[in-house]
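# Architecture at a glance
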Amino acid sequence: MFKAVSNNPSAESKDIRWFYDQYAPMLPGYINGIVQDHQKPEDHLVAILTSFVKDVVILQEKCRLNNWLQLRQYAQSKLTLFAAKDHQLKPHPSLNKGRLDLLDDLQKRIFCAIYYHGKSVSYLAAAIGCDESEIRNQLKLSIDKMRRTSGN
Amino acid sequence: MEINKIIESGLMETYVMGIATEEEVQQVLSLKKEYPAFKEALELLEYDMEVLAQSMSIEPPASTLSKIEHEISEIQRRNQALQTTFEPEYRQEKSNGESRQEKYIQVESESNQMRVNKAWKWVFIAVFVLGKVFLACAIYFYLENRQAKEQIKELKIELKQKIR
């Protein structure tokens, strides 16, 4: 699809539309978890999707992840300025929580810090005051909890 | 089984969350190649992460798609303009190994105008200047020769007169 986007002008519009339909609604939810300003998510969405489609051929060669994970990491890297802010290890109150409500406080803090802000295991271990294996364990437990609700 | 332990270790989760170390990434990639069960579990986790993101999705404003399409077409227009600017240079570099005849055939078939490499400008100038120099030399030597002939003729007359 990506090569078609860059090399085949006639297929381009259709492919962009397909990509947009698949991932555009997921991205504002994700951006909302990082960016505090409510006016900005649409601007970020346009900027991220545009540059993603533009840069994606290079990424496609390097990246081993599926489209959404690739796009999520790309968005996270583009929003580094916002993600790098010394956040309070608390999910943003206006966040569309969805399955996050299934998690206990600690799991929610760990999951959000990693998912939205890309915090490392070692950083979280130091910030929360526990060892790295506990952080890994809590991360796995929180993902498992949310996965179970979708039947997996 | 060993592989089940690895699947349960949380390695896959750190990988899909994008916080795995380079060593862990390499481990995941080799396990993915080696064990179909690991590959399957990883793909399922990636899919579930997508489903999870869908559950937290927010519908973007209706105008977003047209904004993105407009941005992309702007970028492409700029790229095409850049490509058109650099195309002749690219063609020149590309055809370094090709024959000169091959290089100009397409141009001749498309129009009556002939495109010539810029380097030829200096050759033409040099030929023109040399042509002028040769012409000046030719005139100079012609006049010199004519004068010399006249002097010889006069000297011969003088000599004849002296002999008499």
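Residue numbers here run from 1 along each chain, matching the order of that chain's written sequence. Labels are handed out in written order, letters beginning with A for the chains and numbers beginning with 1 for the ligands. In view of the model being predicted, local features appear only for residues whose pLDDT reaches at least 70, and side-chain atom pairs are presented and counted only at 80 or more, with totals across whole chains, interfaces and linings using the full set of residues. Hydrogens are left out, water is left out, and the side-chain values use all remaining heavy atoms of the structure.

As annotated in an unreviewed UniProt entry, chain A carries the name Sigma-70 family RNA polymerase sigma factor and is attributed to Pedobacter alluvionis.

### Section: the overall build of chain B
Strands are runs of DSSP state E lasting at least 2 residues, helices are runs of H or I lasting at least 4, and numbering of each runs from the N terminus. Along the backbone of chain B there are 7 helices and 0 strands. Ordered by position from the N terminus, the helices and strands of chain B form the series α-α-α-α-α-α-α. Relative accessibility decides the category of a residue: with a 1.4 Å probe and only protein chains considered, values under 20% of the type maximum give buried, values over 50% give exposed, and everything between is partly exposed. A burial count over chain B gives 24% of its 164 residues as buried. Contacts in chain B between residues far apart in sequence, at least 24 positions, make up 47% of those at least 6 positions apart. Per-residue and other accessible areas follow the Shrake-Rupley method at a 1.4 Å probe size, with only the shown protein chains counted as cover for residues. About 13000 Å² of surface is accessible on chain B, with carbon and sulfur atoms providing 57% of the total. Residue contacts follow a heavy-atom distance rule, with two residues in contact if any of their heavy atoms lie within 4.5 Å.

### Notes on the side chain of T50(A)
Structurally, T50(A) can be placed in helix α4 (residues 41–62). Here T50(A) falls in the buried class, since its relative accessible area comes to 4%. Whenever a nitrogen or oxygen atom comes within 3.5 Å of another N or O atom, the pair is scored as a polar contact, on the condition that within protein one atom can donate a hydrogen and the other can accept it, and that pairs from neighbouring residues in sequence are kept only if both atoms are in side chains. A distance of 2.6 Å separates the side chain of T50(A) from the backbone oxygen of V46(A), its partner in a polar contact. Residues in contact with T50(A), not counting those within four places in the same chain, are I68(B), E71(B), I72(B) and I75(B).

### Some words on a nonpolar patch on the surface
Residue and element names in this part refer to chain B. By definition, no residue in a patch forms a salt bridge, and every one has over 30% relative accessible area; like charges are joined within 9 Å, nonpolar side chains (Val, Leu, Ile, Met, Phe, Trp, Tyr) within 5 Å. By definition, a salt bridge exists where a carboxyl oxygen of Asp or Glu is found within 4 Å of a side-chain nitrogen of Lys or Arg. Together, M114, V116, W120, V123, F124 and V127 give the surface a local cluster of nonpolar side chains, amounting to about 580 Å² of exposed area. Here W120 shows up in helix α7 (residues 120–163). For W120, a relative accessible area of 33% corresponds to the partly exposed category.

### Quick look at the confidence of the model for chain B
If pLDDT is low for a region, its predicted coordinates should not be looked at in detail. Values of pLDDT, the confidence the predictor places in each residue, fall between 0 and 100. Here chain B averages 83 in pLDDT, and 83% of its residues register 70 or above. For chain B, the element scoring lowest by mean pLDDT is helix α6 (residues 100–110) of chain B, at 51; α7(B) scores highest, at 94.

### Regarding the UniProt feature "transmembrane region" (unreviewed entry) in chain B
UniProt positions are given in the numbering used here, feature names are shortened, and annotations may be inferred rather than shown by experiment. Summarizing the sequence annotation, UniProt attributes the feature "transmembrane region" (unreviewed entry) to residues 119–143 of chain B in the numbering used throughout. Taken end to end, residues 119–143 of chain B has its terminal C-alpha atoms 37 Å apart, with 96% of it in helix and 0% in strand.

### Description of the pattern of salt bridges
One pass over the full model with this rule turns up 8 salt bridges over all chains. A salt bridge links K140(A) to D144(A), with the shortest nitrogen-to-oxygen separation between them at 3.1 Å. With a gap of 4 residues between them, K140(A) and D144(A) both fall in helix α9 (residues 132–148), about one helical turn apart. You'll find K140(A) and D144(A) in the same group, each marked buried. Salt-bridge contacts for K140(A) lead to E13(B); the nearest nitrogen and oxygen are separated by 3.3 Å. Residue K140(A) is found in helix α9, and its partner E13(B) is found in helix α2 (residues 11–16); the two belong to separate chains.

### A word on the side chain of Q138(A)
Residues and elements named next belong to chain A. Structurally, the position occupied by Q138 is in helix α9. Within the local environment of Q138, its side chain forms a polar contact with the side chain of Q107, the two groups lying 3.3 Å apart. Beyond its immediate sequence surroundings of up to four residues, Q138 is in contact with L106, Q107 and I110.

### As for the packing of α9(A) against helix α4 (residues 36–55) of chain B
Each axis is a line fitted through C-alpha atoms, and for a helix only the stretch in contact is used; angles between axes span 0 to 180 degrees, taken between their N-to-C directions. Contact pair α9(A) / α4(B): the axes reach a minimum separation of 10 Å and the direction vectors enclose 70°. As far as their axial angle goes, α4(B) and α9(A) are roughly perpendicular. For the pair formed by α9(A) and α4(B), the contact residues are I143(A), M146(A) and R147(A) on the first element and L44(B), L45(B), D48(B), M49(B) and L52(B) on the second. Under the grouping applied here, Gly and all other residues not named as nonpolar or charged are polar, the nonpolar ones being Ala, Val, Leu, Ile, Met, Phe, Trp, Tyr, Cys and Pro and the charged ones Asp, Glu, Lys and Arg. The residue inventory of the contact of α9(A) with α4(B), partitioned by class, reads 6 nonpolar, no polar and 2 charged. Reported orientations rely on four angle classes, namely roughly parallel under 35 degrees, roughly antiparallel over 145, roughly perpendicular from 65 to 115, and oblique for the rest.

### Description of α9(A)
With 17 residues, α9(A) should cover 24 Å at 1.5 Å per step; its first-to-last C-alpha distance of 24 Å lies within 8% of that length. Within α9(A), the full set of buried residues consists of I135(A), Q138(A), L139(A), K140(A), S142(A), I143(A), D144(A), M146(A) and R147(A). Buried-residue contacts for α9(A) involve α7 (105–115) and α8 (121–128) of chain A together with α1 (2–8), α2 and α4 of chain B. Any helix carries an expected span of 1.5 Å times its number of residues minus one.

### Focus: the environment of V28(B)
Residues and elements named next belong to chain B. Mapped onto the elements of the fold, V28 is located in helix α3 (residues 22–34). What makes V28 buried here is its relative accessible area of 0%. Each C-alpha atom of the pair V28 and K39 lies 9.0 Å from the other, and the pair is 11 residues apart in sequence. When neighbours within four sequence positions are excluded, V28 is seen to be in contact with L11, Y15, F38 and L42.

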